[in-house]
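# Commentary on secondary and tertiary structure
Take a look at the letters that make up each chain.
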Number of protein chains: 2
Amino acid sequence: MTRSVKGSTVTAVESEIRTLAELDDTELARLDAWWRANNYLTIGQIYLQGNPLLREPLSTEHIKPRLLGHWGTSPGLSLIYAHVSRLIRHTGQQAIYLAGPGHGGPALVAAGYLEGTYSEIYPDVSQDEAGMLRLFRQFSSPGGIPSHVSVTTPGSIHEGGELGYVLVHAFGAVMDNPDLLAIAVVGDGEAETGPLEGSWKGVSFLNPERDGAVLPILHLNDAKISGPTVLGRKDPEEVRHLLRGHGYDVIEVEGSDLPGMHHRFAAALAAAWTRIRDIQTAARDGSWDGTRPTWPLIVLRSPKGWTGPDTVDGTPVTGTWRSHQVPLSGVKDNPEHLALLERWLRSYRPEELFDSTGAPVALIRDQAPDGDLRMSASPHANGGLLTRDLDLPDFRSYAIEVPRPAQQRAESTRKLGEMIRDIYTRNADRFRLFCPDETNSNRLGSVFDVSDRAFMERVTPEDVAIGRDGRVMEVLSEHNCHGWLEGYNLTGRHGMFATYEAFAMVSASQTVQHGKWLQEAKHLPWRAKVPSLNVLLTSTAWRNDHNGFSHQGPGLIQVVLTQRGDVARVYLPPDANTLLSVADHCFRSRSYINLIVIDKQPQLQYLSMDEAIEHCARGAGIWEWAGTDDGTSDPDIVLACAGDVVTMETVAAAQILRERLPGLKVRVVNVVNLMTLVRPKDHPHGMSETLFTELFTDDVDVIFSFHGYPGAIHQLVHGRPDADRFRVRGFIEQGTTTTPFDMTVRNKASRYHLVMDAINNAKRLPRGAADLKAWCRSQLDRHETYVVEHLEDMPEVRDWALGDWAARG
Amino acid sequence: MTRSVKGSTVTAVESEIRTLAELDDTELARLDAWWRANNYLTIGQIYLQGNPLLREPLSTEHIKPRLLGHWGTSPGLSLIYAHVSRLIRHTGQQAIYLAGPGHGGPALVAAGYLEGTYSEIYPDVSQDEAGMLRLFRQFSSPGGIPSHVSVTTPGSIHEGGELGYVLVHAFGAVMDNPDLLAIAVVGDGEAETGPLEGSWKGVSFLNPERDGAVLPILHLNDAKISGPTVLGRKDPEEVRHLLRGHGYDVIEVEGSDLPGMHHRFAAALAAAWTRIRDIQTAARDGSWDGTRPTWPLIVLRSPKGWTGPDTVDGTPVTGTWRSHQVPLSGVKDNPEHLALLERWLRSYRPEELFDSTGAPVALIRDQAPDGDLRMSASPHANGGLLTRDLDLPDFRSYAIEVPRPAQQRAESTRKLGEMIRDIYTRNADRFRLFCPDETNSNRLGSVFDVSDRAFMERVTPEDVAIGRDGRVMEVLSEHNCHGWLEGYNLTGRHGMFATYEAFAMVSASQTVQHGKWLQEAKHLPWRAKVPSLNVLLTSTAWRNDHNGFSHQGPGLIQVVLTQRGDVARVYLPPDANTLLSVADHCFRSRSYINLIVIDKQPQLQYLSMDEAIEHCARGAGIWEWAGTDDGTSDPDIVLACAGDVVTMETVAAAQILRERLPGLKVRVVNVVNLMTLVRPKDHPHGMSETLFTELFTDDVDVIFSFHGYPGAIHQLVHGRPDADRFRVRGFIEQGTTTTPFDMTVRNKASRYHLVMDAINNAKRLPRGAADLKAWCRSQLDRHETYVVEHLEDMPEVRDWALGDWAARG
């Protein structure tokens with residue numbers, strides 16, 4: 001009976017599946033040879049700089065001067081790899097391999113090398129003796145590759161650096177990817193991290209009909225770098241309960257006996273795969289009852305450093321934390337250790353594994369699946385190859401009519417929500433929104449017109465926009481949302497992560513690490529560009545009026561600014577039309593981190609769609625209608641702004657000056673693309689010095705009102721002409737439960753502060769300036785009186801404090 | 001039989017315990033009255049600005065103009081609070097209450113008010129009608145308090161803003177606190193976060209003999225703000241498995257029937273407490289077998305918005321997500337809703353709960369434990385009250401002899417490790433080191449001479465420095481380490497979190513939120529200062545030679561710089577003696593975030609202990625021995641530095657200039673306290689402009705070599721005289737697997753770059769400058785050739801690349 005999985009290329013027959021579970025001698029020999037070869041190459045990478053095939057007796061000059069690398073986890077990783085490759089050969093299953101214990105880098109590099117992929121993308125590292133030597137030497141060496149799985153490792157979408165994200169990456173990879181199986185190996189060290197523990201629940205959001213499958217393999221070998229792990233040492237019964245509680249059907253394999261472990265692991269993997277196939281088949285042929293499947297999970301308990309030296313100098317090594325990194329140290333100076341290393345290497349019988357040229361023998365080559373089915377060559381792990389552009393609606397069609405600037409208010413993100421709704425409709429196989437619990441609250445709820453939120457646990461009649469078929473991803477975990485989107489992006493699909501500004505810091509390290517991945521990938525010609533990671537920050541510091549200080553923090557901008565210019569993008573659209581234009585640009589872009597910051601509350605609208613498009617294309621521009629600058633000569637002062645609330649205050653300050661000090665020449669500059677401020681040598685968006693001077697002059701003081709921490713602007717304009725003249729107002733960590741307008745007052749960024757700043761720093765002052773300053777001071781005094789003493793006047797405080805200058809002006 | 005718990009003040013007798021489990025009518029009446037009163041006050045905070053006691057019919061003018069707050073979780077939080085208070089009254093148990101569902105703020109505020117604590121610390125919010133009105137009006141209002149549990153809430157050590165940390169705070173609070181019980185309520189929304197899921201395992205590190213106990217209460221009410229939760233909707237059998245798998249003995253209470261729920265919750269709490277008491281008694285009287293106890297945990301399933309309106313406009317509300325925030329909206333404009341609100345409020349029978357003055361009646365007052373046993377008044381939740389200074393050894397006794405600067409190398413953190421060892425010995429009840437898996441690797445291993453690492457799971461003969469009695473905390477989770485230390489600090493004890501520099505970003509949001517807590521606390525006179533949060537970053541960007549780019553990121557400095565000057569401290573000691581002096585200062589300080597950055601590898605030593613003390617006291621100073629500045633007039637160039645590796649490069653650059661361009665007057669300035677660079681108005685450590693000018697002159701160019709991202713220095717010196725003249729070298733996100741010296745080359749921060757920078761920017765150039773520039777260029781060319789092409793020369797590359805200028809100079 002041929003599998004009838006809809007849209008799948010899998011063609012395994014039942015008899016194959018039975019064969020899968022039972023290894024015959026030929027298959028066993030092939031598997032074991034491949035495993036021995038991979039272990040040999042792993043040890044070679046850690047130790048050898050010569051004599052790679054052990055064609056001569058091992059001597060000290062063959063040993064690297066500095067021994068680096070992680071042996072402990074590697075044999076287990078290789079065993080799993082070998083068995084999954086066999087599964088692929090039998091079933092045609094498309095699979096990728098994510099190595100949570102990322103420091104097993106040499107094992108994964110070796111696997112790509114044995115499969116031929118490594119030599120295809122790095123021809124110098126050829127499948128012969130010279131190439132093998134290069135493979136060994138490059139490992140953990142200057143100019144070479146890191147000791148962990150990294151961007152340079154073919155077949156990887158998962159850096160083995162910061163631990164905790166292997167499952168989120170795996171789940172993101174298989175969403176809307178029905179034919180893909182993601183093998184996610186979780187190390188027992190990584191299993192202690194919060195993000196990992198919070199990611200088992202991916203199954204509660206995975207639809208077996210439309211999504212692919214994740215097969216987690218919890219690889220328990222008992223130890224971390226210098227001590228035990230919690231799961232490694234817990235009563236196995238507790239571990240079983242835990243995983244069953246997470247929703248899995250636990251299959252266990254334990255031991256170190258050979259070939260017994262091969263037989264048992266083959267049976268376990270066959271059982272797991274069959275269970276996945278059954279779940280998917282039922283979901284796709286209509287026989288599924290709709291309840292969340294209990295997906296399989298394998299717990300593999302094998303000794304740390306398995307097949308390594310049992311004892312060194314009389315001390316147990318294999319099976320203990322001592323084999324975590326380099327089990328035999330001081331090999332260059334200790335003849336006994338050198339002899340032990342040689343015995344250890346020869347125990348894999350390299351002469352059987354590599355031919356006279358140094359190439360893997362046929363037995364080993366035959367173990368690899370064909371072409372793109374090799375996990376190291378899977379296009380899913382080089383997702384740019386599979387990326388199709390989004391079918392985007394015309395963003396202009398969501399435009400808000402803005403006949404005159406700063407007259408009406410709108411919830412800008414609501415327009416983006418409408419655009420996202422239509423992107424969902426047009427791209428049902430390649431776009432998702434990820435949001436921790438706030439899609440509606442962030443005013444993006446229009447998307448629910450066309451898609452529910454995914455949820456595979458019990459649904460009740462009172463649930464709204466919740467269901468199995470939902471493709472909007474909501475889970476109260478920034479780590480899950482961010483990581484799922486990364487996995488989705490890296491396998492070639494598009495999306496957006498929308499979250500509270502302050503709590504974007506929860507996943508800041510993921511933003512950093514994904515940025516590093518993208519930066520590294522740009523140096524590798526074989527890595528095709530992937531969709532950008534789009535991050536929308538709403539519910540911002542300035543409008544968190546009832547939540548207070550813990551909800552007020554624009555720190556992620558600062559974090560993104562630390563990244564290189566070839567990936568970091570920060571946009572602060574002040575209104576709906578600029579937001580739409582920016583979003584359209586971001587959805588089309590590749591391999592960037594696009595950070596978009598805009599609040600969800602009703603806000604003034606400034607630009608018509610045509611104006612918005614032009615403004616966004618430039619990234620920054622003079623708003624002549626807001627100022628009194630006639631453009632013929634330098635103004636007396638420049639009021640610049642970036643961010644929605646601060647733009648409103650700046651425009652209001654300019655209006656006060658226009659009305660009350662008309663002789664002052666005020667120029668208003670709005671910055672929507674923050675990176676235009678940087679010098680062109682530091683960022684490709686950096687505006688030329690000519691343009692910079694056209695906007696900001698050479699020497700007129702600039703009062704820059706910024707959404708985030710002022711230090712961001714200080715660092716961005718550093719090196720620009722007379723940067724000292726930039727006086728920055730922004731969020732200076734003055735927050736509390738208060739009105740939006742009071743937030744601007746507390747942070748010395750209110751319209752009145754800006755007017756006073758302008759007067760204090762203008763090149764030339766018309767008569768009346770002192771009076772205006774006094775008036776501003778009195779306005780602020782009045783405000784403080786209201787806020788502190790007159791809570792009974794709340795409605796008035798609120799109307800006034802909302803700072804609706806347009807209504808009053 | 002009286003309890004014989006060592007060191008405990010608990011005096012419950014067995015008959016009391018039986019009484020605990022069974023509520024008589026008097027107790028039931030008291031509990032229920034208190035609960036009704038607390039619910040009433042919760043709703044009052046959300047809705048009322050007048051008529052607080054409903055002495056007249058409710059009308060629209062009594063309703064707040066804007067309805068904010070979270071009702072849904074509150075009744076459950078209040079029920080738990082009431083029952084724990086009763087437990088305390090019966091047993092004398094010291095307990096604190098941590099509300100994971102932090103948006104149940106009004107419930108916790110109400111509890112403090114009913115217990116009298118609120119009025120004690122905020123006399124305006126008195127226990128009478130006027131005070132109650134103030135209580136209502138301040139909630140979620142300008143000038144008032146946030147809608148979530150916050151620093152202003154008496155009895156809290158846990159901000160209900162960013163979710164995920166309730167268990168880490170609870171576990172940290174009870175470490176070395178044998179008499180304390182931390183009640184940690186976990187909401188089912190919070191339970192979805194990674195940090196929370198990663199924190200159940202605290203029991204694997206809790207010693208029942210020396211530590212107190214955490215009683216987690218998983219409060220499942222099924223929904224978040226607009227949808228269901230995973231644990232709320234999972235098969236209860238799975239939830240049971242999950243929690244059993246985490247190591248708990250699960251006690252379940254479910255329903256909405258009254259008084260049934262009171263009886264059942266009382267029995268559950270009595271069972272949990274008895275189990276805790278039995279575990280502790282056994283551990284403390286010697287009858288414990290040493291295996292990890294199975295601690296109790298309560299799962300409480302109660303309807304969301306329990307006791308609220310069942311339906312509104314025909315739509316179910318109570319028991320659904322619709323009751324998450326404000327179940328009745330539009331009350332001002334909708335007479336039916338107004339009537340419903342009035343009926344709802346009157347259903348609690350306020351006239352029975354408050355006397356004619358508005359004070360709680362005796363029945364309710366009697367429900368509260370006495371004095372400091374009230375959870376809202378616990379000194380453990382205002383830990384500064386309990387803080388005792390550390391008994392610190394003389395840090396000078398760990399000094400490294402430095403007869404001449406920059407001649408010898410040492411692992412500086414190893415000296416700190418010796419100091420920490422002795423701090424452990426002297427402060428066995430109030431100091432802990434928290435580290436994700438790297439204490440030894442970070443060269444702090446001397447502490448293992450006097451303490452093992454805590455571990456309550458199975459220990460094997462191969463384990464070293466692992467055991468039940470250990471007090472060094474290692475778990476592969478930055479979230480756990482950081483959060484435990486926060487809980488430990490906030491209850492008045494001292495410690496240090498030591499971690500990889502790059503992965504400090506994992507817990508960056510915790511650093512931010514704890515900083516916000518400390519900032520807020522400074523405004524509250526009743527909050528006593530607590531020990532500072534000390535964070536040591538090692539394994540830094542510049543020395544992660546085999547790990548590569550994902551391990552290279554000095555981003556946490558940037559994050560700490562966003563915090564206010566009254567909490568943020570950043571130190572970059574360049575060597576061992578400065579590190580010891582800085583650490584001593586940090587261990588003595590209160591209520592700061594102290595960030596200390598120094599690498600663990602062998603590094604040059606510069607200052608004798610006396611010099612180090614003076615240098616650290618100033619925070620920045622001229623190193624005359626390194627430069628050629630005679631101090632009589634301005635130098636031609638200033639070479640400044642902050643950070644260990646960049647200091648070495650700066651000193652090396654100065655040596656090259658001294659030897660090869662002796663006519664150039666070079667001043668070397670080292671900065672150990674980064675905040676001295678800031679203007680005094682922005683940070684209390686900021687040096688005066690006079691001192692700044694003494695170090696950096698007014699107008700000589702400064703080549704500033706910085707450990708972190710250059711933008712940090714740009715923002716710090718902004719506003720200083722002619723800040724444009726600061727040319728900053730630092731980590732510009734150029735990382736890979738390479739030698740340490742190559743890292744400085746890639747980031748344009750090597751000694752040769754600094755020499756060229758100096759020549760390019762010096763005020764005055766002696767003859768020979770052009771030749772020296774050419775020589776520098778050739779040195780760099782030679783280096784690139786080595787790194788890129790001559791891997792076979794690895795030993796030489798390494799020796800040269802390590803940049804051991806002193807050995808060659």
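Residues numbered from 1 in each chain as written. Chains lettered and ligands numbered in written order. Predicted model: local features only at pLDDT ≥ 70, side-chain atom pairs only at ≥ 80, totals over all residues.

If you check an unreviewed UniProt entry, chain A appears there as Phosphoketolase family protein from Micromonospora chalcea. UniProt's Cofactor (unreviewed entry) comment on chain A is quoted here verbatim: "thiamine diphosphate". Annotation of chain A in UniProt includes, under Sequence similarities (unreviewed entry), the sentence "Belongs to the XFP family." (UniProt positions renumbered as here; feature names shortened; annotations may be inferred.)

All right, on to the overall build of chain A then. Counting its secondary structure elements, chain A contains 28 helices and 22 strands. Relative to the compact-globule value of 28 Å for 809 residues, chain A shows a C-alpha radius of gyration of 30 Å, a close match. For chain A, the C-alpha atoms occupy an extent of roughly 95 × 65 × 45 Å along the three principal directions. Here chain A holds 809 residues, and 66% of them are scored as buried. Summarising the internal contacts of chain A: among those between residues at least 6 apart in sequence, 77% fall at separations of at least 24. (Helix = DSSP H or I, 4+ residues; strand = E, 2+ residues; numbered from the N terminus. Rg over C-alpha atoms; globule rule 2.2 N^0.38 Å. Buried ≥ 20, exposed ≤ 12 C-beta atoms within 10 Å, placed from the backbone. Contact = placed C-beta atoms within 7 Å.)

Right, let's get into the relation of the copies chain B and chain A. Of the transformation placing chain B onto chain A, the axial shift is 0.0 Å and the rotation is 180°, giving an RMSD of 0.0 Å. The transformation relating the two chain copies, once decomposed into turn and shift, fits a two-fold axis. When you check the interface residues of chain B against chain A, 100% turn up at the interface there too, and the contact is symmetric in its surfaces. (Least-squares fit on C-alpha atoms with pLDDT ≥ 70 in both.)

Residue and element names in this part refer to chain A. The strand order β18-β20-β19-β21-β22 describes an open sheet built from five strands, whose pairing is mixed. Each edge of the sheet is formed by a strand with only one pairing partner; in this case those strands are β18 (620-622) and β22 (726-729). Geometrically, the sheet is characterised by an average inter-axis angle of 20° between neighbouring strands, direction not taken into account. Where strand β19 (residues 637-642) lies against strand β21 (residues 702-706), five bridges are found, and the strand directions are parallel. Its bridge partner being in β21, valine 638 is matched across the sheet by valine 702. (Pairing = 2+ DSSP bridges. Axes fitted to C-alpha atoms, helices over the stretch in contact; angles between N-to-C directions.)

Quick look at the pairing of strand β13 (residues 494-500) of chain A now. Residue and element names in this part refer to chain A. Most of β13 is tucked away, with seven of its seven residues classed as buried. Sheet analysis places β13 next to strand β14 (residues 533-538), joined by five bridges and oriented parallel. Pairing of methionine 496 across the sheet is with asparagine 534, part of β14.

The next thing to look at is the packing of helix α15 (residues 412-426) of chain B against helix α19 (residues 576-588) of chain B. Residue and element names in this part refer to chain B. One way to put it is that α15 packs onto α19 with a least axis distance of 8 Å and a crossing angle of 40°. Two packed elements cross with a definite hand, and for α15 against α19 that hand is right-handed. Of α19, the residues touching α15 (which contributes Ser412, Lys415, Leu416 and Met419) are Ala576, Leu579, Leu580 and Ala583. Per-class residue counts for the contact of α15 with α19 are six nonpolar, one polar and one charged. (Left-handed = near helix turned anticlockwise from the far one by under 90°. Nonpolar A, V, L, I, M, F, W, Y, C, P; charged D, E, K, R; others polar.)

Before going further, it helps to spend a moment on the sheet that holds strand β1 (residues 94-99) of chain B. Residues and elements named next belong to chain B. With parallel pairing, five strands are arranged side by side in an open sheet as β1-β2-β3-β5-β4. Bordering the open sheet on either side are β1 and β4 (248-254), each of which pairs with just one other strand. When strand polarity is set aside, the average angle formed by the axes of neighbouring strands in this sheet is 20°. As paired strands, β4 and strand β5 (residues 295-301) are joined by seven bridges and run parallel to one another. Its bridge partner being in β5, valine 250 is matched across the sheet by leucine 297. Sheet strands touched by helix α3 (residues 74-91): β1, β2 (180-187), β3 (213-220) and β5. Its angle to β1, the strand with the most contacts, is close to 175°.

Here we take up the interface of chain B and chain A. Tallying the contact residues gives 103 residues for chain B and 103 residues for chain A. Mapped onto the side of chain B that touches chain A, the elements with two or more residues apiece are α8 (194-197), α9 (230-233), α10 (236-245), α17 (508-521), α18 (555-561), α23 (710-717), α26 (769-789) and α27 (794-801) of chain B. By residue class, the composition of the side of chain B that touches chain A is 33 nonpolar, 44 polar and 26 charged.

What follows concerns helix α25 (residues 751-761) of chain B. The buried fraction of α25 of chain B amounts to nine of the 11 residues, a majority that puts the element mostly inside the structure. Every buried residue of α25 of chain B is listed here: Arg751, Tyr752, His753, Leu754, Val755, Met756, Asp757, Ala758 and Ile759 of chain B.

Here we take up the confidence of the model for chain A. All names here are of chain A. With 95% of its residues at a pLDDT of 70 or more, chain A has an overall mean of 93. Counted against residues more than four places away or in other chains, residues 790-809, with its pLDDT under 50, gives 33 contacts. Overall fold confidence for the complex sits at a pTM of 0.96, while the interface term, ipTM, reaches 0.96. (pLDDT = per-residue confidence, 0-100.)

The next point concerns helix α20 (residues 609-618) of chain A. Residue and element names in this part refer to chain A. Within the sequence span of α20, burial applies to Met609, Ala612, Ile613, His615 and Cys616. Buried residues along α20 cover an arc of 165° about the axis, so they all sit on one side. Along α20, exposed side chains directed more than 90 degrees from the buried face belong to Asp610 and Ala617. Of the surrounding secondary structure, the elements contacted by the buried residues of α20 are α19 (576-588) and β18. Phi turns positive one or two residues past the end of α20, at glycine 619, with a value near 90°. (Arc of directions from axis to C-beta.)

For the rest of this paragraph, the subject is the domain arrangement of chain A. Residues and elements named next belong to chain A. Considered domain by domain, chain A is made up of domain 1 (14-382), domain 2 (395-603) and domain 3 (631-808). With 27 residues of domain 2 at the contact, the number on the domain 3 side is 30 residues. Secondary structure elements with two or more residues in the side of domain 2 that touches domain 3: α18 (555-561), β15 (568-571) and α19. (Domains from an automatic or database assignment.)

Turning our attention to the nonpolar core. Ala184 and Leu639 of chain A together with Ala184 and Leu639 of chain B are the most contacted members of the largest nonpolar core, which has 504 residues in total. With residues near it in sequence (within four places) discarded, alanine 184 of chain B still touches Leu98, Gly100, Val166, Leu167, Ala170, Val214, Leu215, Pro216 and Ile217 of chain B. (Core = buried A, V, L, I, M, F, W, Y, C linked by C-beta atoms within 7 Å.)

Turning our eyes to something else, we now look at the environment of serine 302 of chain A. Residue and element names in this part refer to chain A. Checked against the element boundaries, serine 302 lands in the loop between β5 (295-301) and β6 (311-312). Residue serine 302 is classed as buried on the basis of its C-beta count, with 23 C-beta atoms lying within 10 Å. Placed 48 residues apart in sequence, serine 302 and glutamate 254 show a C-alpha to C-alpha distance of 6.0 Å. Residue contacts for serine 302: discarding those within four places in its chain leaves Gly76, Asn221, Ser256 and Met261.

Turning our attention to the environment of phenylalanine 139 of chain B. Residues and elements named next belong to chain B. Along the chain, the position of phenylalanine 139 falls in the loop between α6 (129-138) and α7 (166-174). Residue phenylalanine 139 is classed as buried on the basis of its C-beta count, with 28 C-beta atoms lying within 10 Å. Each residue touching phenylalanine 139, except ones within four places of it in the same chain, is listed here: Gln45, Gly69, Pro106, Gly144, Ile145 and Ser147.

Every other side chain in a regular strand lies on the same face of the sheet, so the side chains alternate between the two faces. Residue and element names in this part refer to chain B. Side chains of strand β15 (residues 568-571) alternate between two faces, with Ala568 and Val570 and Arg569 and Tyr571 buried alike. Pairing analysis gives four bridges linking β15 to strand β16 (residues 593-597), with the strands arranged parallel. Across the sheet, the residue bridging to valine 570 is leucine 595, located in β16. In this fold, the crossover linking β15 to β16 by way of α19 has right-handed handedness. (Right-handed = clockwise from strand over helix to strand, strands pointing away.)

Another point: unusual backbone geometry. With an omega of 5°, the peptide bond running from leucine 258 of chain A to proline 259 of chain A counts as cis. In this model, aspartate 722 of chain B sits at a positive phi of 45°, which is unusual for a non-glycine residue. Its location among the elements puts aspartate 722 of chain B in the loop between α23 and β22 (726-729). A residue is classified by how many C-beta atoms lie within 10 Å of it, and aspartate 722 of chain B, with 16 of them, is partly exposed.

Tracing the chain through its elements places glycine 445 of chain B in the loop between β9 (431-435) and β10 (453-454). Note: C-alpha distance between glycine 445 of chain B and leucine 133 of chain B (312 residues apart in sequence) is 57 Å.

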